[in-house]
Amino acid sequence: MELSSISIKQLKQQISAQATCYRDDIIITNHVERLEPFRYPCRMFATLVFFCLDGEIDFSINLKRYCIGSNTMVVAFAGDIIQIHRVEALEAYAILLSSDYLNDLQIDFRQRSNFYINTRHNAIARVPHAELMNIVPYYPLLKTNMEKNRAESSEILRGLVQAFSYTVISIMQAYRKNDDETNADVIPRNQQLFDKFMALLTLHHTTERGVKFYADRLCLTPNYLSGVIKEYSGKSAADWINEYVILEAKIMLKNTDLSIQEIAYRLNFVTQSAFGKYFKLQTGMGPKAYRDK
C-alpha cells in the first residue's frame, strides 16, 4: 500500500456532496466524519483549520495522535500527514485552503515562524467556548459567498479568508497548550531565513540531508545557517533535517507495504544498511524493529 496524497482539487471530486467548494482553492464542511480519504494516512496539500464544538475525534497529524473534544481548534500545514481514527457525535467544522490561494493573498502561516514552530509540535489549542464562538460565524459567511456566483463574491471571499486566517493565528497563539513565550529579540532576518530553510526542507528532505545543500541554496555558509536556525528555533538545521527524514521514514514503515530497501531508495540512501544505521542513530532502534513494534 502506497501512502496517498491528495490536493483540494482531488478531495473536491470525492466529497463534493458533503462539502462546499470554491474553485480548487477552498473546501469547507461540517461533515468531518465523512472525510473518507482520511480513514488511512494521507498527505494533504492544503492548510487545514478544524474547530470542534462538541463530540469527540481521534486523529493523527504526522504520526502524533490526538483525541480531542469540545472547544478545541486544530491547525495542520500543507504537506502534513493526516489520519482520522474515530469520530463520535461530532459537531465540528473543517476549512481547507490551498497554498496557491493563501500565497495569492500574501498569507503564509509558515511566515509566522513562532506560530509555525510551536504548532508543528502541538497542533491543538483548547479554546474557551466564548472565544471559539467568535470564529464560528466565518463558516456560514464563507459558505454563503462560495455558493453565490456574484461579481463581488471573489473579493468578499478574499477579505473573509484574510480575516479568518489572522483570527486563527491569534487564537492559536493565545491558547495553544504549552506554547512557548515569543522571543521578542528575534530579528526579521532570522525569521526570513528560517522560513526559507523550512520551505526548502519541505521540498527536498527526501533527497537531501546535508546542511550544505540548503546553505548553498540560500547563499550562506553551513555554519552560519545552522547558527541562525539554532538561535531562532532552538534546534540546529541538521536537527530539523533529521526530524523530517525520520518522520517520512516512520510514515512509510508504519503505513505502507514498501520494503525497507525500497524505503531506503526513496529516501536517497546509498544502501539499506546505511539507512538502517541512520534510522537507529536517530531513534534508538532499527527500521525492522520499529515496523514490528
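Keep in mind that this is a model prediction, so the values were computed, not measured.

**Here we look at the overall build of the protein chain**
The secondary structure content of the protein chain amounts to 13 helices and nine strands. The proportion of buried residues among the 293 residues of the protein chain is 51%. Across the protein chain, the fraction of contacts at a sequence separation of at least 24, relative to all contacts at a separation of at least 6, is 72%. Here the protein chain carries 34 positive and 32 negative side-chain charges, and the mean point of each set is 5 Å from the other.

**Description of the nonpolar core**
As a rule of thumb, nonpolar side chains are buried together in soluble globular proteins. With 71 residues, the main nonpolar core has Phe-51, Ile-135, Phe-197, Leu-225, Trp-240 and Phe-275 as its most contacted residues. Of all the elements, helix α10 (residues 237–255) adds the most residues to this core, at nine residues. When sequence neighbours within four positions are dropped, the list of residues in contact with Leu-225 reads Phe-197, Val-211, Tyr-214, Ala-215, Leu-218 and Leu-220. Core analysis: the next-biggest nonpolar cluster, separate from the first, contains 30 residues, Ile-27, Ile-57, Ile-61 and Tyr-66 among them.

**Notes on the pattern of salt bridges**
All chains considered together, the criterion is met by twelve salt bridges. Residue Lys-288 pairs with Asp-292 through a salt bridge whose shortest N-O separation is 2.9 Å. Placement of both Lys-288 and Asp-292 in helix α13 (residues 287–292) is noted, with a separation of four residues, approximately one turn of the helix. Taken together, the shared-partner salt bridges connect Glu-56, Arg-86 and Glu-88 into one network.

**Details of helix α9 (residues 222–233)**
With twelve residues, α9 ought to run about 16 Å at 1.5 Å a step, and its terminal C-alpha atoms sit 16 Å apart, in line with that. Here α9 has its buried residues at Leu-225, Ser-226, Val-228, Ile-229, Tyr-232 and Ser-233. The arc enclosing the buried residues of α9, seen along the axis, measures out at 160 degrees, which places them on a common side. Along α9, the residues that are exposed and aim more than 90 degrees away from the buried face are Asn-223 and Glu-231. Looking one or two residues beyond α9, the residue adopting positive phi is Gly-234, at roughly 90 degrees.

**Things to note about the side chain of Ser-60**
Along the chain, the position of Ser-60 falls in strand β5 (residues 47–61). On the basis of relative accessibility, which here comes to 8%, the residue Ser-60 falls in the buried class. A polar contact of 2.6 Å, which involves the side chain of Ser-60, links it to the side chain of His-85.

**Details of the confidence of the model for the protein chain**
Detail in the predicted coordinates should be disregarded across regions flagged by low pLDDT. Mean pLDDT over the protein chain stands at 85; residues scoring 70 or higher make up 92%. Of all helices and strands in the protein chain, the one with the weakest mean pLDDT is helix α3 (residues 113–121) (70), whereas helix α12 (residues 272–283) scores best (95).

**Some words on the side chain of Asp-25**
Along the polypeptide, Asp-25 turns up in the loop between β2 (20–22) and β3 (26–29). Since its relative accessible area comes to 12%, Asp-25 is described here as buried. Polar contacts involving the side chain of Asp-25 include one to the side chain of Arg-23, which spans 3.1 Å. For Asp-25, the contacting residues outside a window of four places in its chain are Ile-8, Leu-96, Leu-97, Ser-98 and Tyr-101.

What counts and how
- Residues numbered from 1 in each chain as written.
- Predicted model: local features only at pLDDT ≥ 70, side-chain atom pairs only at ≥ 80, totals over all residues.
- Heavy atoms only, no water.
- Helix = DSSP H or I, 4+ residues; strand = E, 2+ residues; numbered from the N terminus.
- Buried < 20%, exposed > 50% of the residue type's maximum accessible area, 1.4 Å probe, protein only.
- Contact = heavy atoms within 4.5 Å.
- Lys, Arg positive; Asp, Glu negative; His and termini not counted.
- Charge placed at Lys NZ, Arg CZ, Asp CG, Glu CD.
- Core = buried A, V, L, I, M, F, W, Y, C linked by side-chain atoms within 4.5 Å.
- Salt bridge = Lys/Arg side-chain N within 4 Å of Asp/Glu carboxyl O.
- Expected span 1.5 Å × (residues − 1).
- Arc of directions from axis to C-beta.
- Polar contact = N/O pair within 3.5 Å; in protein donor to acceptor, adjacent residues only side chain to side chain.
- pLDDT = per-residue confidence, 0-100.

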